[in-house]
Structure formats: structure tokens, C-alpha cells
Amino acid sequence: MLQRDKYRLALLAACALALHGFERLIPSPIPWLRFGFANIITLITLVVYGFNAALTITLVRVLMGSMLIGTFLGPPFIMSLVGGCFSVVAMWIALRVRVFGPLGLSLTGALFHNIGQLLAVYAVFIQNLRSIAVLAPVILFIGTLAGLLNGIAVIFIMEHLKKMPDNVQNTL
Amino acid sequence: MSIAEIIRGTTLFDRILLAVLFCVTGASIILVPLYLPRGGQLRIEVDNKLLYRLPIGQDKTIEIGHMTVEIKNGKVRVADSDCPGKICLRQGWIDRGSIVCLPNRVVITVEETPAAQGGVDATT
């Protein structure tokens with residue numbers, strides 16, 4: 001990996017972290033349901049730099065984010081860690097299938113992020129399948145909405161990256 | 001940036017996936033609660049251990065740690081809690097399904113009474 005790419009990854013990780021943090025300021029009816037804007041950065045990193053880079057950025061975001069916000073090793077931390085890893089792996093597999101565009105990848109990521117979170121909740125906190133069954137459809141539905149929004153953002157950003165004369169294109 | 005440009009940025013599989021996800025999750029929001037047993041009795045679990053099993057018909061207020069759970073008119077709610085999110089409070093009164101408070105590790109589930117699982121079903 002070039003030194004330049006390392007700087008870029010650090011910048012992308014910082015972007016993801018900033019989005020992760022600022023997203024908390026958006027009012028939401030249910031505190032743990034959020035847009036997951038950081039997934040925009042993860043997805044772009046995945047497409048441009050590949051799996052390892054995307055996983056690194058997710059781990060950096062989850063670790064640093066939890067330390068900034070103060071949930072390190074708490075329930076939200078475990079949920080975002082498991083959800084983040086699930087979503088990166090799922091998006092990587094979806095990318096390899098090669099039939100999905102940015103929107104499909106974003107939806108896959110959102111879906112598996114939520115599945116990962118629900119599994120984490122079930123495994124670590126609540127062994128009560130019925131209460132998970134009540135929560136799951138609502139969480140997955142809102143997750144799909146969030147995935148749609150993020151997917152649209154990624155479509156725009158990818159269009160702009162393609163237009164840039166810079167050597168970003170060469171790495172694609 | 002227009003809607004046409006967004007649509008051009010998607011593939012056929014993207015649109016199929018979007019439609020399927022919306023349909024499946026939307027339908028399950030409506031369908032899953034219908035299959036949940038209505039009122040009967042309450043299970044209150046803390047740390048995955050059963051703490052109380054109460055009839056839902058009996059009005060009662062109980063304290064679980066820093067939480068207050070209120071049972072009234074065949075419904076249950078969390079009246080007060082010290083948790084940061086207050087999701088449990090926002091759920092309000094329920095007579096089916098469950099209320100979960102993750103920070104306090106409390107799960108309140110409405111389940112069928114053992115009698116209802118037996119012969120009473122003959123009326124349906």
C-alpha cells in the first residue's frame with residue numbers, strides 16, 4: 001500500500017468517525033435507531049480500497065467512536081462492533097457477486113448491520129426470542145430506509161469520484 | 001442531481017432487493033404482532049432470570065431496581081426508569097408482545113396463561 005493511500009485511509013476513518021459522532025445529534029424517536037451515515041464511508045472505502053481497508057476503518061470508527069462517546073465495552077459498543085463487522089463482510093460478498101450497484105450494497109450493509117446487532121442482543125443480553133421477534137421487523141424496516149438514503153448518497157459520491165481527474169480513478 | 005440520475009445509478013438487482021426488503025419488513029411489522037399471544041400473564045425477567053410471573057388482570061405497581069412497572073386494566077407499562085434511552089417508557093401501555101430495557105437487562109413479556117394453552121381454546 002502506498003503512503004498516499006495510508007493518509008487517505010486515515011482521512012476516511014476520520015470522516016467516518018465524525019459522521020458517527022455527529023449523527024447522534026440528529027433527534028430520533030428511538031435513541032438507538034440511527035441512519036448509520038458512517039456506512040457511506042465504509043462502502044466507498046470498500047469499493048475503492050477493498051475489504052481490509054473497509055474493515056480497518058470500521059474497527060477504528062467503532063473503537064474510537066465508543067471512546068469519544070463513552071460507551072466503550074457497553075451494550076451500544078458491542079452492538080456496533082458486531083453490526084459493523086457483519087455489514088462489512090456482507091457488503092464485500094455482495095460486491096463480489098457483481099450484480100449490485102451502490103444502492104444494493106448499501107441495503108445489504110444496512111440489513112446485515114441490523115441482523116448482526118439483533119444477534120448480538122440475543123447472544124449477549126436477552127435470550128428471549130419473542131421480544132427479539134417483536135423488535136426485528138421494525139428495526140429492519142427502518143434499517144432499509146436508512147440503507148436507501150445512504151445508498152443514494154453513495155451513488156452521488158461515486159459519480160463525483162469518477163468525474164475527478166485525480167488518480168482516485170486509477171485505484172478503482 | 002435529479003431522481004433520474006439516482007435511478008440510472010442503480011442496477012436491476014438493486015431495485016429488486018429494495019422492493020423485497022420493503023415488502024418483507026413492512027409485512028412482518030403487521031404480521032408478527034398478530035401471532036403474539038394476547039394478555040394472560042406477565043413474565044418479568046432480569047438478567048435472563050425469571051423474577052415475577054403475574055396475572056395481567058390484576059392492577060399492581062412493582063419496583064425492579066430503578067424501574068417502576070405498572071399493571072392496569074389488563075395492560076402493562078414501564079412508568080419510570082433510570083436508563084439513558086427511555087425506550088421502555090416510550091413504548092407505553094402494551095397488552096401483547098414485550099418491553100425490553102437493555103441497560104437494566106429487564107424483559108417484560110406478555111404470554112398466554114397456562115389455562116389458555118389447554119382446553120379453553122374450544123371457544124375459538
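Data block above holds the structure.
Residues numbered from 1 in each chain as written. Chains lettered and ligands numbered in written order. Predicted model: local features only at pLDDT ≥ 70, side-chain atom pairs only at ≥ 80, totals over all residues. Heavy atoms only, no water.

Caption draft 1: Fine view of the packing of helix 4 (residues 75–97) of chain A against helix 5 (residues 102–125) of chain A. All names here are of chain A. Two elements in contact, helix 4 and helix 5, have axes separated by 7 Å at closest approach and are oriented at 140°. As summarised for this structure, helix 4 and helix 5 are arranged oblique, according to the angle between their axes. The chirality of how helix 4 crosses helix 5 is right-handed. When the residues that make up the contact of helix 4 with helix 5 are grouped by side-chain class, the tally is 16 nonpolar, 9 polar and no charged. (Axes fitted to C-alpha atoms, helices over the stretch in contact; angles between N-to-C directions. Helix = DSSP H or I, 4+ residues; strand = E, 2+ residues; numbered from the N terminus. Parallel < 35°, antiparallel > 145°, perpendicular 65-115°, else oblique. Left-handed = near helix turned anticlockwise from the far one by under 90°. Nonpolar A, V, L, I, M, F, W, Y, C, P; charged D, E, K, R; others polar.)

Caption draft 2: Summary view of the packing of aromatic side chains. Residue and element names in this part refer to chain A. Tallying each qualifying case throughout the model produces 5 aromatic pairs over all chains. On the basis of an interplanar angle of 15° and a centroid distance of 5.1 Å, the ring pair of F35 and F37 is categorised as stacked. The exposure class of F35 is partly exposed, given its relative accessible area of 34%. (Phe/Tyr/Trp six-rings, centres within 6.5 Å; stacked < 30°, edge-to-face > 60°. Buried < 20%, exposed > 50% of the residue type's maximum accessible area, 1.4 Å probe, protein only.)

Caption draft 3: Fine view of the nonpolar core. Ranked by size, the top nonpolar core spans 22 residues in total, and within it L9, L12, I44, Y49, I57 and V154 of chain A carry the most contacts. Looking at this core, the elements that each hand over two or more residues are helix 1 (3–22), helix 2 (38–49), helix 3 (51–69), helix 4 and helix 6 (129–163) of chain A. With near-sequence residues (within four places) excluded, L9 of chain A lies in contact with M1, T45, Y49, A53 and I57 of chain A. Within the second largest apolar cluster, 19 residues are counted, among which are L42, I44, L54 and I94 of chain B. (Core = buried A, V, L, I, M, F, W, Y, C linked by side-chain atoms within 4.5 Å. Contact = heavy atoms within 4.5 Å.)

Caption draft 4: Quick look at the sheet that holds strand 5 (residues 75–80) of chain B. All names here are of chain B. Reading across from one edge, 3-4-5 is the order of the 3 strands in this open sheet, with antiparallel pairing throughout. In the strand order of this sheet, the two ends are held by strand 3 (60–64) and strand 5, each with one partner. Strand-to-strand twist in this sheet, taken as the mean axis angle between neighbours without regard to direction, amounts to 25°. The sheet contact formed by strand 4 (residues 67–72) and strand 5 spans 5 bridges and is antiparallel. In the sheet register, E70 faces strand 5, and the bridge partner there is R77. (Pairing = 2+ DSSP bridges.)

Caption draft 5: Representation of the pattern of salt bridges. All names here are of chain A. Under the defined criterion, the tally for this structure stands at 5 salt bridges over all chains. A salt bridge links R4 to D5; the shortest N-O distance between them is 3.6 Å. Under the relative-accessibility criterion, D5 is labelled buried at 9%. (Salt bridge = Lys/Arg side-chain N within 4 Å of Asp/Glu carboxyl O.)

Caption draft 6: Examining the pairing of strand 3 of chain B more closely. Residues and elements named next belong to chain B. Pairing analysis gives 5 bridges linking strand 3 to strand 4, with the strands arranged antiparallel. Its bridge partner lying in strand 4, I64 is registered against M67. The hairpin turn running from strand 3 into strand 4, its antiparallel successor, is 2 residues long, and G65 in that turn takes a positive phi close to 55°.

Caption draft 7: Seen up close, the interface of chain B and chain A. The interface is formed by 35 residues belonging to chain B together with 39 residues belonging to chain A. There are 0 salt bridges connecting chain B and chain A. Counting across the chain B and chain A interface gives 3 residue pairs in polar contact (both at pLDDT 80 or more). If you list the elements that add at least two residues to the side of chain B that touches chain A, you get helix 1 (3–8), helix 2 (12–34), helix 3 (87–90), strand 6 (98–101) and strand 7 (106–111) of chain B. A total of 11 residues in the side of chain B that touches chain A trace back to one element, the largest contributor, which is helix 2 of chain B. Classifying every residue of the side of chain B that touches chain A by side-chain character gives 17 nonpolar, 11 polar and 7 charged. (Polar contact = N/O pair within 3.5 Å; in protein donor to acceptor, adjacent residues only side chain to side chain.)

Caption draft 8: Representation of helix 6 of chain A in the model. Taking 1.5 Å of rise per residue, 35 residues should cover 51 Å, and helix 6 of chain A covers 49 Å from first to last C-alpha, within 8% of that figure. At L135 of chain A, helix 6 of chain A shows its strongest bend, of approximately 30°, with the proline P137 of chain A following within four residues. (Expected span 1.5 Å × (residues − 1). Bend = angle between axes of the 7 residues up to and from the residue.)

Caption draft 9: Focus on unusual backbone geometry. Residue and element names in this part refer to chain B. A positive phi angle is found at D47, which is not glycine, with a value near 55°. Within the fold, D47 resides in the loop between strand 1 (41–46) and strand 2 (49–55). Positive phi is not limited to glycine here, since R105 has a value of about 55°. Inspection of the secondary structure assignment puts R105 in the loop between strand 6 and strand 7.

Nothing here speaks to function; it is all geometry.
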